[in-house]
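So the chains spell out like this:
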Amino acid sequence: MDADLVIIGSGMGGATLAAALAPSGKRIVIVEAGERIEDTPEAIDGYAIHGRGVFRPDETWLDGQDQPFSPGNFYYVGGNSKFYGAVLLRYRESDFSPIRHMGGTTPGWPITYAEMAPWYQAAEEMYQVRGQLGDDPSEPPHAAPYPFPPVPDEPEIADLRRRLSGIGLHPSHLPLGVDIERWLERAKIGWDGYPNTVGGKMDAETIGIAEALKHPNVILLTGTRATRLECGDDGRIVALHVKGARGPARIEAGHFALAAGAVNSAALLLRSADGAHPQGLANRSDQLGRNFMNHNCSAVLAVHPFRRNRSVYQKTLMVNDFYETGGPKGEPLGNIQMLGRVTGPILAAGAGLPLMLANLISDRALDLYAMSEDLPDPESRVSLHNGQIRLDWKRSNWEAHEALVARLKKELRRAGYPIVLSKPFDRRTPSHQCGTARMGRDPGSSVVDIHGRAHDHPNLFITDASVLPTSAAVNPALTIAALSLRAADHIRKGDWA
Ligand SMILES: Cc1cc2nc3c(=O)[nH]c(=O)nc-3n(C[C@H](O)[C@H](O)[C@H](O)COP(=O)(O)OP(=O)(O)OC[C@H]3O[C@@H](n4cnc5c(N)ncnc54)[C@H](O)[C@@H]3O)c2cc1C
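First things first, this report covers the structure right here in the doc. Source: prediction; values computed, not measured.

## Here's the deal with the nonpolar core
Core analysis: the largest hydrophobic core is formed by 135 residues, its most contacted members being V6, M12, L17, W191, L229, L240 and L269. Among the elements that take part in this core, helix α11 (residues 477–495) stands out by supplying ten residues, more than any other. With sequence-adjacent residues up to four places away left out, M12 is seen in contact with G78, S81, Y84, L88, Y127, A204, A477, I480 and A481. I157, I336, L368 and Y417 belong to the second largest nonpolar core, which has 24 residues in total.

## Comments concerning the pattern of salt bridges
A full pass over the atoms with the stated rule returns 28 salt bridges. Two residues, R162 and D159, come together in a salt bridge whose shortest N-O distance is 3.8 Å. In this pair, R162 and D159 are both assigned in helix α4 (residues 155–166), three residues apart and thus about one turn of the helix distant. R162 sits in the exposed class, given a relative accessible area of 56%. D456 is paired through a salt bridge with R284; the nearest N and O atoms lie 3.1 Å apart. Residue D456 is found in the loop between β18 (419–424) and β19 (460–462), and its partner R284 is found in the loop between α7 (262–271) and β12 (296–303); the two are separated by 172 residues along the sequence. With relative accessibility at 18%, the residue D456 sits in the buried group. Note on R284: relative accessible area 62%, which makes it exposed. A network of salt bridges, in which partner residues are shared, links R36, K82, D203 and E205.

## Let's talk about the environment of I8
Assignment of secondary structure puts I8 in strand β1 (residues 3–8). Along the backbone, I8 and E38 are 30 residues apart, and their C-alpha atoms lie at a distance of 22 Å. With sequence-adjacent residues up to four places away left out, I8 is seen in contact with V31, A226, L229, L240, A257, L258, A259, A260 and L268.

## Side note on the site of the ligand
Lining the immediate environment of the ligand, one finds 36 residues, of which G13, E32, N80, G85 and A477 sit closest. One nitrogen or oxygen atom from the main chain of G13 is found 2.8 Å from an oxygen atom belonging to the ligand. One of the side-chain nitrogen or oxygen atoms of E32 is found 2.6 Å away from an oxygen atom of the ligand. For the ligand, whose unbound accessible area comes to 1000 Å², protein coverage reaches 94%. Of all the secondary-structure elements, those providing two or more residues to the shell around the ligand are α1 (12–21), β9 (225–231) and α11. Here the residues of the shell around the ligand sort into 18 nonpolar, 14 polar and four charged.

## Concerning helix α3 (residues 113–126)
With 14 residues, α3 should cover 20 Å at 1.5 Å per step; its first-to-last C-alpha distance of 19 Å lies within 8% of that length. Buried within α3 we find Y113, M116, A117, Y120, A123, E124 and M126. Where α3 is buried, its residues contact α1, α6 (204–212) and α11. Immediately downstream of α3, the backbone of Q128 shows phi near 50°, a positive value.

## Quick word on the packing of aromatic side chains
Counted by the stated rule, this structure contains 13 aromatic pairs. Ring-pair connections join several aromatic residues into one group, and the members of that group are Y91, F96, W109, Y113 and Y120. The residue whose ring lies beneath R163 is Y417, and the NZ or CZ to ring-centre distance is 5.7 Å.

## A word on helix α8 (residues 344–351)
Every α-helix winds through 3.6 residues per turn, so residues three or four apart in the chain are directed the same way. Listed in full, the buried residues belonging to α8 are G344, I346, L347 and A348. For α8, the elements touching its buried residues are α2 (46–51), β12 and α9 (355–364). Immediately downstream of α8, the backbone of G352 shows phi near 65°, a positive value.

## Overview of the side chain of S471
One can find S471 in the loop between β19 and α11. Reaching out from S471, the side chain makes a polar contact with the backbone oxygen of D374 at a distance of 2.9 Å.

## What to know about the environment of R310
Looking at where R310 falls in the secondary structure, it is placed in the loop between β12 and β13 (317–319). Look at R310 and you get exposed, because its relative accessible area is 62%. As a C-alpha pair, R310 and P137 span 173 residues in sequence and 29 Å in three-dimensional space.

## Description of the sheet that holds strand β14 (residues 335–338)
Across the sheet, six strands lie side by side as β7-β13-β14-β15-β12-β18; this open sheet has antiparallel pairing. Taken across any chain shown, the strands that pair with only one partner, and hence form the sheet edges, are β7 (171–173) and β18. Strand-to-strand twist across the sheet, computed as the mean angle between neighbouring axes with direction ignored, equals 25°. Sheet strands in contact with α9 are β12, β15 (365–372) and β18, and its direction is about 80° off that of β15.

## Concerning the packing of α8 against α9
Following both chains from N to C, one finds α8 and α9 inclined at 120°, their axes separated by 8 Å at the closest point. With respect to each other, α8 and α9 are oriented oblique. Taken as a pair, α8 and α9 cross one another with a handedness that is right-handed. Residues G344, P345, L347 and A348 of α8 lie in contact with α9, whose contacting residues are L355, A358, N359, I361 and S362. By residue class, the composition of the contact of α8 with α9 is six nonpolar, three polar and no charged.

## Considerations on unusual backbone geometry
Phi angles above zero are rare outside glycine, and A86 is one such case at about 60°. Examined against the element boundaries, A86 turns out to sit in the loop between β4 (68–69) and β5 (99–101). A positive phi angle is found at A472, which is not glycine, with a value near 50°. Relative to the assigned elements, A472 resides in the loop between β19 and α11.

What counts, and at which threshold
Residues numbered from 1 in each chain as written. Predicted model: local features only at pLDDT ≥ 70, side-chain atom pairs only at ≥ 80, totals over all residues. Heavy atoms only, no water. Core = buried A, V, L, I, M, F, W, Y, C linked by side-chain atoms within 4.5 Å. Buried < 20%, exposed > 50% of the residue type's maximum accessible area, 1.4 Å probe, protein only. Helix = DSSP H or I, 4+ residues; strand = E, 2+ residues; numbered from the N terminus. Contact = heavy atoms within 4.5 Å. Salt bridge = Lys/Arg side-chain N within 4 Å of Asp/Glu carboxyl O. Near = heavy atom within 4 Å. Polar contact = N/O pair within 3.5 Å; in protein donor to acceptor, adjacent residues only side chain to side chain. Areas by Shrake-Rupley, 256 points an atom, 1.4 Å probe, with all protein chains shown as cover. Nonpolar A, V, L, I, M, F, W, Y, C, P; charged D, E, K, R; others polar. Expected span 1.5 Å × (residues − 1). Phe/Tyr/Trp six-rings, centres within 6.5 Å; stacked < 30°, edge-to-face > 60°. Lys NZ or Arg CZ within 6 Å of the ring centre and 35° of its normal. Pairing = 2+ DSSP bridges. Axes fitted to C-alpha atoms, helices over the stretch in contact; angles between N-to-C directions. Parallel < 35°, antiparallel > 145°, perpendicular 65-115°, else oblique. Left-handed = near helix turned anticlockwise from the far one by under 90°.

Spelled out as structure tokens, the structure:
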């Protein structure tokens, strides 16, 4: 056997699992399709990133109408977290129970918030979250304060905070995995959407992979794409097939953990179909690839023609007054948080505006992000079409998102911003992808059990966004990390005890 554990993917789920299991001394091989991101001039160039898409992959997926598109999905050591906004926010306590939304009902989770709370705390400590408890009306119970004080507001954001409080809302500090001094040493830019090449962001590479590789029993294979899992007659996974710079190879191991992201993890299991599993591995329930969720998101720009916004990073405030209520019958609407600073070139690229006009607006705009829950739907799914990934995202609960954006616009006008513009995020950007191998107690209706173990394969764990039963209206990374720490504990105390 080549390894005790092979982890596929070095993003939030895979890296966190690797770090948690590394001290065991077991031989761990991490297989990562991408390479490490290098510090180039493009890494701090908003137009190169958003306009020219220099970091986007050279691959196309098909949409629900079989039209090819270039997905905003990143393949690097650290995965999508290299570009993330580093908002490390817990699901709310209510998210773990069934909830009636404007667009339908969510099923809740097979575990409670109380079961997750210690793992959330461990993940916050590991990713060095900066935050402050006590000012968020939807905040779930925390057993301890955040490890670090919050990232400070810039003056324009402090002013927005005062204005929102003045109209009766409850703005709170965004919990962030960012060392702001270190980040700004490289360049005076925000971190949301920019790759982390200097270690100022606490991401899967700078925290999880760095920690795991301190242990000599852990190896990271970069530029190595997993192509297929091989299943034995007894249902155990026996090997992973990969393709790297030196051609194809086969890696045998005692355990496997799949963490290639919600779309690629489902695709890999579907690609691994064999005579005994013609629908793909881990798919006896026929749920694999289904229940794909992303968030319903819009950028909302609050403009005052005579007030300049000189902030650099901006992303320190959120509003959860409409997280659990606000709909016509009291339904939840979602979360509001600051976006990273939308500079003129980014606005020009995103909205198709001439640069001069975009600069004019950007100089006077505060940029917010409205995010609403997408509900699980078995017809919203990842499948393969002649081997190519087909992502048919059936967006749901859009009415709640429209209501959230309308409410936010109204509140911003009341707070003193006479012009408020909004634009929904591109459907082809699956930034918050999740749900394709959902967790549950019933093997007939879920893919993995409550610890992330595949119901059908006793030595296969899935430890990425795939397993989330609901998307909530919260950025997913902390929940993915917390679930990975929980799965690691289960493996250590059970399988490896
Ligand atoms: C611009 C942006 C901003 C975001 N902001 C936030 C935020 O502020 N807060 C938050 O919580 N979340 C945020 N997210 C989402 C967050 O980054 C993801 O939810 C999280 O990284 C998902 O973790 P994961 O382990 O499921 O997958 P990923 O982190 O995507 O990792 C998957 C890894 O698997 C690798 N891989 C894929 N296929 C294969 C294969 N066949 N073989 C080998 N390796 C493979 C990939 O290269 C990647 O490294 C953001 C995402 C983006 C794109």
